[in-house]
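Coordinates in review
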Amino acid sequence: NIGDVGRSCSAERMLPRTYDAKAIQEFWLNRPKTVMRRLNDVTGELLPWCFGLWYDIQMLPAAAQENNRDALLQSYAVRLRKSLTKLGPAFVKLGQQLSIRPDLIPPVFFKELTTLCDSVEPISDEIALQLLQQELDCNSLSDLFEDNVHLVASASLGQVYKATIRNTSEQVAIKVQRPDMVRSISLDLFLLRCIAKGVDQITNLLTNQSPFHENLVDAFAHGSYLELDYENEAKNQLFFRQHLMRKCNVCIPQVYSQYTTRRVLTSEWIDGIRLSDAPNETIARLIPLGVELFLTQLLDLGKFHSDPHFGNLLVTSKGTLCLLDFGLCADIDDQSRMAMTAAIVHLLSGDFEALVSQDAKALGFLPEDLDTNELQPVLQKILTQGLLESGSNLHHRRRKFMDLSNELNEVFFKYPFTVPPYFALITRGLGLLEGIALTGDPSFDIFKASYPYARRRAIEVFGARGLERFRKKHTNK
């Protein structure tokens, strides 16, 4: 309601602008009644799920356990997805983050959480436009825009309006944050952190597992909280517009800084359609560029668009690929970029031994002191069968690798893998591009599409002679 606008502004002034666990904890410890009401909502939704899962697994007869376990876990995975959706934006985004972490959750949950969607019913225009007017500090929106402001999209954190600037007649997209988001998201992050600390204490007491839940929540919270700062998103958008458009034939909307605040982002309006909805020939033409676009961010720029989904890739009316929504971006340091380039060279050359024993450690997937003798043949078998021994028929190779994907996820869950958050998002982005590509070209091969840029980048990093040494090392084995 309209009262949420004032309450949101008051909380926004008192809460930190970037994620600060201590400051957020101090704010909410002084509001115990609100915390207890929300805690009651969360525990009322999740505790029955936790105890139900534990009880049903314990009650499975030993003889039937193997047959019924997967079906039981599938039903609980569906219930978890529905519960997270009901609990709101912070929990939806947590589920989305878990959906790209096969090292943390069993494969059946991993698959179900990938279907999470954060679209929700829009708030009323009256509330959204009141907030817009308040944020832009004007007496009337008609002073700034023509009288054609109308809703075009809605999501969990905000909604987008199309408008025309009165003085210039330029069409713009105005993203307006929902009221009370800073307050409600910070409360949920505070509760999630408290829960994670409790889980760490229990697992530390009862198991040999190193505590990681609190750090996991903090990493998630840092990115999610930053998404609430639209001025930071504008800064990211300007960075990619300046640096990425010079390297790739891509469109990134201009930012109208004079109409942008912490809770309002105004960008150039782009006429176009989703890449996934484009004609097959357009998809086939643009997907290789999309692959190069993401690899350029990953291996060259050191800043990566971390929220790829179908709504963020458009084809403009001029046939150009357009990238949108820069609220969540990850930074990748120079050492990780070089290690990743080496890993790509090893992957493309089929040197899985170096990929497991060297690159997996250099990238932080495995502990430096881990003996990979047991793990290496397992992974080598999976990757060899999925990538090398499936023949040249891409349909057969894809089916073969899909058959092995469950086995790969189980390896990630069994061994001490830790998937760096940015790397999980990279695979999600490239997986999205492959999914779109296959609708336009059933023979599309993500490895083949990645090779030209990966090879150019490897030569830039290691030199032509260095790349040749990589190749000879593998072929001489």
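Just above sits the structure.
For the structure given in this document, a descriptive report is provided here.

Definitions and limits used
- Residues numbered from 1 in each chain as written.
- Predicted model: local features only at pLDDT ≥ 70, side-chain atom pairs only at ≥ 80, totals over all residues.
- Heavy atoms only, no water.
- Phe/Tyr/Trp six-rings, centres within 6.5 Å; stacked < 30°, edge-to-face > 60°.
- Buried < 20%, exposed > 50% of the residue type's maximum accessible area, 1.4 Å probe, protein only.
- Lys NZ or Arg CZ within 6 Å of the ring centre and 35° of its normal.
- Axes fitted to C-alpha atoms, helices over the stretch in contact; angles between N-to-C directions.
- Helix = DSSP H or I, 4+ residues; strand = E, 2+ residues; numbered from the N terminus.
- Parallel < 35°, antiparallel > 145°, perpendicular 65-115°, else oblique.
- Contact = heavy atoms within 4.5 Å.
- Nonpolar A, V, L, I, M, F, W, Y, C, P; charged D, E, K, R; others polar.
- Expected span 1.5 Å × (residues − 1).
- Bend = angle between axes of the 7 residues up to and from the residue.
- Polar contact = N/O pair within 3.5 Å; in protein donor to acceptor, adjacent residues only side chain to side chain.

Turning next to the packing of aromatic side chains. Applying the stated criterion across every chain, the model contains 8 aromatic pairs. The interplanar angle of 85° and the centroid separation of 4.9 Å between the aromatic rings of Phe 27 and Trp 28 together place this pair among those described as edge-to-face. Exposure remark for Phe 27: the relative accessible area of 8% places this residue in the buried category. In this structure an aromatic cluster arises from ring pairing among Trp 49, Tyr 76 and Phe 109. Directly above the ring of Tyr 230 sits Lys 175, whose terminal nitrogen or CZ lies 5.0 Å from the centroid.

Another point: the packing of helix H2 (residues 21–29) against helix H8 (residues 181–206). When two helices pack together, their arrangement is given by the angle between their axes and by how far apart the axes lie. Packing of H2 against H8 leaves a shortest axis separation of 10 Å and a crossing angle of 100°. Looking at the two axes, H2 sits roughly perpendicular to H8. Across the interface between the two elements, Ala 21, Ile 24, Gln 25, Trp 28 and Leu 29 from H2 touch Arg 183, Ser 186, Leu 187, Phe 190 and Arg 193 from H8. Here the residues of the contact of H2 with H8 are counted per class, giving 6 nonpolar, 2 polar and 2 charged.

With 18 residues, helix H10 (residues 230–247) should reach 26 Å at 1.5 Å per residue; the first-to-last C-alpha distance of 25 Å fits that figure. Arg 241 marks where H10 bends most, by close to 30°. Its side-chain oxygen placed 3.1 Å from the backbone nitrogen of Glu 231, Asp 229 serves as the N-cap of H10.

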